[in-house]
Amino acid sequence: MSILILVCGHLGSTLKAGKLLARQLPGEAAIVDTEQNPEVDFAAFDCVVFGTNVRMLCLNRRFKRYAARWKRAKTGKPAFCYVVAASDGNFQRYEAAARRALGPSCAAVVYAGGELDSSHAKGFAKKVIEDVKQQTLAEGRALPQIREAALTALARQIHETVC
Ligand SMILES: Cc1cc2nc3c(=O)[nH]c(=O)nc-3n(C[C@H](O)[C@H](O)[C@H](O)COP(=O)(O)O)c2cc1C
């Protein structure tokens, strides 16, 4: 089974979640970061897993571009998606947006948690992350984390659908 994990994030959490997912899949999944807008041959894989982060309540723009390419490619194969966001408050909305973007071939979408890690951030992004982190801690709430259990559930669904 050949699986492509297509990572559409900014500061490393979406890539980290992709790597955690890859470890739970049979065989070796190819992980491609879309930061450099690489060409992707969707037809070369049995399925594609899209990873997208969320900023300002919206899914990553690169995710939307690659999802449109995926729909145009009409491979007849299934797509999966995990969404990385610091807050789970709007998960159903993100899930619906991801399903819409990927079209009828979308077999499953999961919310995979998120992080407030400003170590690779600069400028506005750094300020947003640090402000939200400070507020979360001030309210006595736990900081968000990547949810490995959600990725395990997704890996199981991929296995059941594709194998
Ligand atoms: C500018 C900015 C806006 C963000 N907006 C949201 C948001 O609307 N909802 C949310 O849940 N998380 C938001 N986040 C948090 C990110 O989703 C979270 O940090 C995620 O782990 C980032 O993934 P990445 O490291 O792959 O970029 C935002 C982060 C930044 C920097």
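Let me sum up the structure you'll find in this document. Every value quoted in this text rests on a predicted model; they were computed, and no experiment measured them. (Residues numbered from 1 in each chain as written. Predicted model: local features only at pLDDT ≥ 70, side-chain atom pairs only at ≥ 80, totals over all residues.)

## Remarks on the overall build of the chain
Along the backbone of the chain there are five helices and six strands. Moving toward the C terminus, one meets the helices and strands of the chain in the order β-α-β-β-β-α-β-α-β-α-α. For a compact globule of 163 residues, the expected C-alpha radius of gyration is about 15 Å, and the chain comes in at 15 Å, within 12% of that figure. Nonlocal contacts in the chain, meaning residues at least 24 apart in sequence, comprise 78% of its contacts between residues at least 6 apart. (Helix = DSSP H or I, 4+ residues; strand = E, 2+ residues; numbered from the N terminus. Rg over C-alpha atoms; globule rule 2.2 N^0.38 Å. Contact = placed C-beta atoms within 7 Å.)

## What about the site of the ligand?
In the vicinity of the ligand there are 21 residues, among which Gly-9, His-10, Leu-11, Ser-13 and Thr-14 approach most closely. Those elements that provide at least two residues to the shell around the ligand are α1 (13–23), β3 (47–55) and α4 (123–138). Within the shell around the ligand, the residues separate by chemical class into 11 nonpolar, eight polar and two charged. (Near = placed C-beta within 6 Å. Nonpolar A, V, L, I, M, F, W, Y, C, P; charged D, E, K, R; others polar.)

## Considerations on the pairing of strand β5 (residues 79–84)
With respect to burial, β5 is a largely interior element, six of its six residues being buried. Burial along β5 is two-sided: Ala-79, Cys-81 and Val-83 and Phe-80, Tyr-82 and Val-84, pointing in opposite directions, are all buried. Crossover β5 to strand β6 (residues 106–111) through helix α3 (residues 91–102) is right-handed. (Buried ≥ 20, exposed ≤ 12 C-beta atoms within 10 Å, placed from the backbone. Right-handed = clockwise from strand over helix to strand, strands pointing away.)

## As for the pairing of β6
Two faces make up the sheet, and in a regular strand the side chains alternate between them. Along β6, five of the six residues are buried, which leaves the element largely enclosed by surrounding structure. By the bridge criterion, five bridges tie β5 to β6 in an arrangement that is parallel. Within β6, the position partnered with Cys-81 by the bridge is Val-109. (Pairing = 2+ DSSP bridges.)

## As for helix α2 (residues 61–73)
Across its 13 residues, α2 extends 19 Å between first and last C-alpha, which sits within 8% of the 18 Å expected from 1.5 Å per residue. Listed in full, the buried residues belonging to α2 are Arg-62, Phe-63, Tyr-66, Ala-67 and Trp-70. Taken around the axis of α2, the buried residues stretch over an arc of 130°, which confines them to a single face. In α2, the exposed positions that point more than 90 degrees away from the buried face belong to Arg-61 and Arg-72. Lys-74 sits one or two positions beyond α2 and adopts a positive phi of about 40°. (Expected span 1.5 Å × (residues − 1). Arc of directions from axis to C-beta.)

## Describing the nonpolar core
One finds Val-49, Phe-50, Ala-79, Cys-81, Tyr-82 and Val-83 to be the most contacted residues of the largest nonpolar core, which totals 44 residues. Examining the composition of this core, we find that six residues originate from one element, β5, more than from any other. Those residues in contact with Val-83, other than ones at most four positions away along the chain, are Thr-52, Val-54, Tyr-94, Glu-95, Ala-98, Val-109, Tyr-111 and Ala-112. (Core = buried A, V, L, I, M, F, W, Y, C linked by C-beta atoms within 7 Å.)

## Overview of the packing of α1 against helix α5 (residues 148–162)
It is the contact of α1 with α5, at a shortest axis distance of 9 Å, that shows an interaxial angle of 50°. On the basis of the axis angle, α1 is oblique to α5. In the crossing of α1 with α5, the sense of the turn from one axis to the other is right-handed. For the pair α1 and α5, contact is made by Ala-17, Leu-20 and Leu-21 and by Glu-148, Leu-151, Leu-154 and Ala-155, respectively. (Axes fitted to C-alpha atoms, helices over the stretch in contact; angles between N-to-C directions. Parallel < 35°, antiparallel > 145°, perpendicular 65-115°, else oblique. Left-handed = near helix turned anticlockwise from the far one by under 90°.)

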